[in-house]
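Working through the structure, step by step
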Amino acid sequence: MKSRTRFVFISFFLVLVLATLACSTVKGTPTDTSPATEAVTEKPTEKPTEAVTEKPTEKPTEEAAGEVTIVQSYGYQDSWDYYHVVGILRNDSSEPVSGLELDVEIRDASGKSLLMDGDASVEFLTAYPSFYTLQPGEEAPFDFYTSIESGEPSDYVVTITEGYEGDSEDRPSLSVENTQLITDGDGSYYLTGELVNDHNEGVYIASLVGALFADDGTMVATSSSYDKAYSLMPAGDERGMDRTPFSISMDAPEDGDFTDWQVYIESSEDDEVVVAPISIAFTNNYLDEWDSFHLVGTLTNETEDNVVYSTSLITGLYDGNGVVLDARTSSVPMYILPGETVPFEISYFYILEEGDNMDRFETFTVQIDPYWTYEVDYDLVDLAVTNEDATYDSSGMWTIKGEVTNNSGSDLTSATVVAGLFDAEDTLVAMNWTYIWPDGEVIADGETYDFEIYIYVDPSLDPANLFYDFIVQGVLD
């Protein structure tokens, strides 16, 4: 294993990048084409074939907060032994309602509360709906779950306790396309797809929520998506920034077979969505020794102004028909200075490993999220790595260790260490990173910290022909 003295990058300007994978080698080459789309705007009509577990006999209390009601609810235990109380709220009033809070009680057959707050038994705990504001006539799911340490849940009660008049606004027109619902067979369900802005203005996505339904229309599981872009450009954006892939994971009752789903969207018009001038380039993609997919590339700050950016990426994986197989949001650990380039690595696509997804996997997209891309005014310094060491084991993992000394002359609040692996052609083929946090309030000038970084690589690469290099970025206090 050899070390290098620099990162060498070649980048090109694209905000959303689509790459095509060869089925046998899973190697990507950038292209300007977009995945095929097939509109899926309604939930499937096929009903579950198996009955779900019997819900508790006591119905939730239906309370009003500005005439918001609980229209349905359901209680169950998932495969992780968490007990859920899920349901749907509806705003039947003529005014928007915000800040809703729910009190949830869960009791055994004797009437004893099974809820704990730390080590103390409590009569109720607070839950919140998936939307912050319900517009008139609008519905939104909620999911309260907790670990039951002892006892068997028998009854539950849900009561609306808080809510106030919110801001009125029309929901922009959005559609859901290229969807798929799969299960691991043990109660976990994965809903993937694309959310598309059909509106002529930019859109902010506050909440994207999926829900599963039984054959009698009862909602049996729900969860929000954190793997999506929060801001979309107006419809027809030529860069493809009017859409985002998404994924939603839901833990449902184990003894059901659910195919009926629905998506709930809390959104608002945003005419100030701006796409930062950050270019994306791919340098490698591969399956590691454990068949986990990794996507490696670089980001370049192309601004003509003196602007430092922080950004977040959303990646979508697709089959040949444009169906979304998986989606993942990932933060970029380094701030990007004007004209500079930083590496990125995206992995942990756990939905890709379900069903036949891996066999169908053909293309991927990467885009920045305008909502999580913003200017920062931190003072940044470059630091060096000393006493580095790198080893490779038979599992396909590199372990890279070293020390970083703050020789900036000032205190630091934190530092980021990026380790990259390069082949003989100076191509970045793998990378990973770690943070250095102070033991006290700051990393004092002159202090030295150890680090250790693990990198799983393409097993087809000869480790004797790889080189490593570092980038260390410190943030001044």
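1. Quick look at the overall build of the protein
For the protein, the helix and strand inventory stands at one helix and 34 strands. Per-residue burial over the protein gives 53% buried out of 477 residues. In the protein, the proportion of contacts linking residues at least 24 apart, taken out of those at least 6 apart, comes to 74%. In the form shown here, the protein has an accessible surface area of approximately 21200 Å², with 43% of it arising from carbon and sulfur atoms.

2. Here's the deal with the pairing of strand β4 (residues 68-77)
Direction of pairing for β4 relative to strand β5 (residues 82-91): antiparallel, over a ladder of nine bridges. Looking at the pairing, Q77 lines up with Y83 of β5. Between β4 and β5, which follow one another and run antiparallel, lie four residues, and D81 among them has a positive phi close to 70°.

3. Description of the confidence of the model for the protein
When pLDDT is averaged across the protein, the result is 88; 86% of the residues are at 70 or more. Confidence drops under pLDDT 50 across residues 1-66; counting only partners more than four residues distant or on other chains, this segment forms 207 contacts.

4. Some remarks on the nonpolar core
With 60 residues, the main nonpolar core has L299, L421 and I455 as its most contacted residues. Here this core gets seven residues from one element, more than from any other, and that element is strand β31 (residues 412-422). Core analysis: the next-biggest nonpolar cluster, separate from the first, contains 56 residues, A140, V203, A214 and V220 among them.

5. Concerning a negative patch on the surface
There is a patch of like negative charges on the surface, built from D411, D439, E441, D445, E447 and D477. Positionally, E447 belongs in the loop between β32 (428-436) and β33 (448-456).

So, how was this worked out
Residues numbered from 1 in each chain as written. Predicted model: local features only at pLDDT ≥ 70, side-chain atom pairs only at ≥ 80, totals over all residues. Heavy atoms only, no water. Helix = DSSP H or I, 4+ residues; strand = E, 2+ residues; numbered from the N terminus. Buried < 20%, exposed > 50% of the residue type's maximum accessible area, 1.4 Å probe, protein only. Contact = heavy atoms within 4.5 Å. Areas by Shrake-Rupley, 256 points an atom, 1.4 Å probe, with all protein chains shown as cover. Pairing = 2+ DSSP bridges. pLDDT = per-residue confidence, 0-100. Core = buried A, V, L, I, M, F, W, Y, C linked by side-chain atoms within 4.5 Å. Patch = residues over 30% accessible without salt bridge, like charges linked within 9 Å, V, L, I, M, F, W, Y side chains within 5 Å. Salt bridge = Lys/Arg side-chain N within 4 Å of Asp/Glu carboxyl O. Lys, Arg positive; Asp, Glu negative; His and termini not counted. Charge placed at Lys NZ, Arg CZ, Asp CG, Glu CD.

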